[in-house]
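Next come the chains, spelled out residue by residue.
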Amino acid sequence: MALNVDKNLKKYYSIKEVAARFGVSESLLRYWEKEFPHLRPKTSSTNNIRQYSEKDIEQINVIYTLVKKRGFKLSAARKYLNENRAGADRSADVLSTLSQVSDELRAIKKQLDALT
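Overview of the structure. As the structure is a prediction and not an experimental result, all values here were calculated from the model. (Residues numbered from 1 in each chain as written. Predicted model: local features only at pLDDT ≥ 70, side-chain atom pairs only at ≥ 80, totals over all residues. Heavy atoms only, no water.)

1. Some remarks on the packing of aromatic side chains
Pairs of aromatic rings are described using the distance from one ring centre to the other and the angle between the two planes. Across all of its chains, the model carries two aromatic pairs by this definition. Seen in terms of ring centroids, Phe22 and Tyr64 are 5.5 Å apart; in terms of plane orientation they differ by 50°. Their pairing is tilted. Of this pair, Phe22 sits in helix 1 (residues 15–22) while Tyr64 sits in helix 3 (residues 54–69); the two residues are 42 residues apart in sequence, bridging distant segments of the chain. The residues Phe22 and Tyr64 share a single accessibility class, namely buried. Positioned above the aromatic ring of Tyr80 is the side chain of Arg70, whose terminal nitrogen or guanidinium carbon lies 5.8 Å from the ring centre. (Phe/Tyr/Trp six-rings, centres within 6.5 Å; stacked < 30°, edge-to-face > 60°. Helix = DSSP H or I, 4+ residues; strand = E, 2+ residues; numbered from the N terminus. Buried < 20%, exposed > 50% of the residue type's maximum accessible area, 1.4 Å probe, protein only. Lys NZ or Arg CZ within 6 Å of the ring centre and 35° of its normal.)

2. Observations regarding the environment of Phe36
The residue Phe36 is located in the loop between helix 2 (26–35) and strand 1 (42–43) in this model. Given the relative accessible area of 0%, Phe36 is considered buried. Spatially, the C-alpha atom of Phe36 lies 9.4 Å from that of Ser75, the residues being 39 residues apart in sequence. Excluding its chain neighbours within four sequence positions, the residues that come into contact with Phe36 are Ile63, Leu74, Ala77, Arg78 and Leu81. (Contact = heavy atoms within 4.5 Å.)

3. Describing the packing of helix 1 against helix 3
Relative orientation and spacing of two packed helices are given, respectively, by the angle between their axes and the distance between those axes. Two elements in contact, helix 1 and helix 3, have axes whose closest approach is 11 Å; the angle formed by their N-to-C orientations is 35°. In the crossing of helix 1 with helix 3, the sense of the turn from one axis to the other is right-handed. Counting all contacts with helix 1, which are made through Val18, Arg21 and Phe22, the residues of helix 3 involved are Glu54, Ile57, Ile60, Asn61 and Tyr64. In terms of residue class, the contact of helix 1 with helix 3 is built from five nonpolar, one polar and two charged. (Axes fitted to C-alpha atoms, helices over the stretch in contact; angles between N-to-C directions. Left-handed = near helix turned anticlockwise from the far one by under 90°. Nonpolar A, V, L, I, M, F, W, Y, C, P; charged D, E, K, R; others polar.)

4. Brief notes about helix 4 (residues 74–83)
Leu74, Ala77 and Leu81 are the residues of helix 4 that are buried. In a view along the axis of helix 4, the buried residues occupy a sector of 60°, so they form one face of it. Among the exposed residues of helix 4, those pointing more than 90 degrees away from its buried face are Lys79, Asn82 and Glu83. (Arc of directions from axis to C-beta.)

5. Description of the packing of helix 3 against helix 4
With their axes 9 Å apart at the nearest point, helix 3 and helix 4 run at an angle of 130° to one another. Judged by the inter-axis angle, helix 3 sits oblique to helix 4. Taken as a pair, helix 3 and helix 4 cross one another with a handedness that is right-handed. From helix 3, Val62, Ile63, Leu66 and Val67 reach across to helix 4, where they touch Leu74, Ala77, Tyr80 and Leu81. Here the residues of the contact of helix 3 with helix 4 sort into eight nonpolar, no polar and no charged. (Parallel < 35°, antiparallel > 145°, perpendicular 65-115°, else oblique.)

6. Some thoughts on helix 1
Structural remark: α-helix, 3.6 residues per turn; residues separated by three or four positions point the same way. Listed in full, the buried residues belonging to helix 1 are Ile15, Val18, Ala19 and Phe22. Axial view of helix 1: buried residues confined to an arc of 100°, hence all on one face. Along helix 1, exposed side chains directed more than 90 degrees from the buried face belong to Lys16, Ala20 and Arg21. Those residues of helix 1 that are buried lie in contact with helix 2, strand 2 (50–51) and helix 3. Positive backbone phi, at 70°, marks Gly23, one or two positions downstream of helix 1.

Here's what the structure looks like:
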């Protein structure tokens, strides 16, 4: 049995955890599952509980970026994903990085403002 060095690394996440991570409702995630055929989290056979993998979360990040950040309508986002999957992934990565840099710059500015 292999040793799991990173105890924070989970194999699956609940719909509640994923919704909180993106700041959206659980019902929105369920709706996106219906609208985007490539988004299919694992579900348990007994009680139909969704289990999202890291790959599912990456898919949600791309959808979230297109719909919530770039303002695409669902049909346009679906078409964009079908026609330009690699570009959509890169675009989501770039926007995520820019958002992180922006947050870091705001934190630095806040620290500098506190010094003056």
